Structure formats: C-alpha cells, structure tokens
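Observations on the model geometry
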Amino acid sequence: MSSEVVIAHTYAVAIFNVAVAYKNIIKWESILNLFSKISQHSLVKSLFFRYLESKKLSNIFIAICEDYQKKKIDNFSKNIIYIMAENNRLPLLPIVFKEFVNICAIHMGTIEIEIISVSPLDCRQLNKISDVMTRRLSKKVNLVHKIDKGMLAGVVIRVGDTIIDGSIRGRILRLNHILQS
C-alpha cells in the first residue's frame, strides 16, 4: 500500500469510528462524497498547491462545499477539513472517501471485487466469479467490471490489496521468473 493510501485509511478509520458512535454512517458517506467531488475539480486542486495558510484554504474549501450543496456544513465536518488542511492532506480526500466506503462495506459484510478483462464478460461468467468469491471470502460480493484493452487475454481480480492475476501477461511473467530461478 502506498503511503498516501495508508494515511487516507487512517483518516477514514477515524471518521468511520465517529460515524458508528453517532450512528450516522450514511451522513458521513454523503459528506465525504461531497468533499471528494469538490477536491477533484481542477480549480480546487490548484488551490491545494498554492501557498495559502491552512485556515484560509479550509475556509475557501468549506465555502465552496456549502455553496455547492446550498446548505451549511456542520462543525464536525468542518473540523475534518481544518485538520486535513493543517497537515496538507486535502488532496487525499478522494482516497479517504474510497477507504471509508471500503470500511463501510466490510462493516456491513460486503466486499467490492474489481474484475478487469480485455472484453466484457457475460452474466454467466460474472455470476460464476461472484459465487466462487462469495464462498471463498464468506462475504457478500459486489462486482465492479472494468475493461482494459491493453490486456492480451485473461482476467485480473482485485480484492482489496490482493490481486489474482489470471492474465496472459501475468502468466508469462511468472513463467519468466521460474525460468530465471
């Protein structure tokens, strides 16, 4: 895991713990989604790399969020922005949101699995993968299918930090490694 993901995960865990304690997970998911969307805008991204005082940057970011959603942001949400701005972590908001969603899924007993293939898989293939992964992980599975035209053939399955590489390229690399050993 990259250091950015580790840092973002730490923020996500802290926010998740507060959300569980106050029984408002859905509210926090919505807030982090808003923060993530706003932070990805090109003009907002440019603010992150200017030499602005963290308080001023926080206030600008909060004002943009409030203007976007046409309502005030609560103090706890503002404090998250203040803390992240103080530590130059506002660019990590999209990763924090993604990590928060992953933590929520684990909490609810579901896990997201990313399937990458060169061409679209049919429903039968996706259902078979879903069934196998549900039994293997003992959790409800949410499949996300992506197409990568750069692959030769095969399928790559990502479950959190685990990658099951069934692509031709992956097989060739493993064979090369074995032959060089």
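Here the structure is shown first, and the text comes after it.
First, a word on what this report is: a plain description of the structure on this page. (Residues numbered from 1 in each chain as written. Predicted model: local features only at pLDDT ≥ 70, side-chain atom pairs only at ≥ 80, totals over all residues. Heavy atoms only, no water.)

1. Some words on the packing of aromatic side chains
Cut-off, in case you're wondering: Geometry of aromatic contacts follows a simple scheme: Phe, Tyr and Trp rings, the Trp one being its six-membered ring, pair when their centres are within 6.5 Å, and the pair is stacked under 30 degrees between planes, edge-to-face over 60, tilted otherwise. Each helix corresponds to a stretch of at least 4 residues labelled H or I by DSSP, and each strand to a stretch of at least 2 residues labelled E; elements are numbered beginning at the N terminus. Think of it in three bands: with a 1.4 Å probe and only protein chains considered, a residue is buried below 20% of the maximum accessible area for its type, exposed above 50%, and partly exposed in between. Whether a charge lies above a ring is judged from NZ of Lys or CZ of Arg, which has to be within 6 Å of the ring centre and within 35 degrees of the ring normal.
This model, assessed by the stated rule, comprises three aromatic pairs. Geometrically, the ring pair formed by W28 and F76 is edge-to-face, given 5.6 Å between the ring centres and 80 degrees between the ring planes. Taken together, the residues W28 in helix 2 (residues 25-39) and F76 in helix 5 (residues 75-86) connect sequence positions 48 residues apart. On the basis of relative accessible area, W28 is assigned to the buried category, the value being 2%. The residue whose ring lies beneath K55 is Y82, and the NZ or CZ to ring-centre distance is 4.4 Å.

2. As for the sheet that holds strand 1 (residues 110-117)
Inclusion rule: Pairing between two strands requires that DSSP report at least two bridges joining them. Lines are fitted to the C-alpha atoms to define the axes, a helix being fitted only along its stretch in contact, and any angle between axes, read from their N-to-C directions, falls within 0 to 180 degrees.
In space, the four strands of this open sheet follow the order 2-1-3-4, with mixed pairing throughout. The two strands at the open ends of the sheet, each matched to only one other strand, are strand 2 (140-147) and strand 4 (162-165). In this sheet, neighbouring strand axes are inclined to one another by 20 degrees on average, regardless of whether the strands run parallel or antiparallel. Pairing geometry for strand 1 and strand 3 (residues 155-159), over five bridges, is antiparallel. Across the sheet, residue I113 finds its bridge partner in strand 3, namely V159.

Take it as geometry only, folks, not as evidence of what the structure does.
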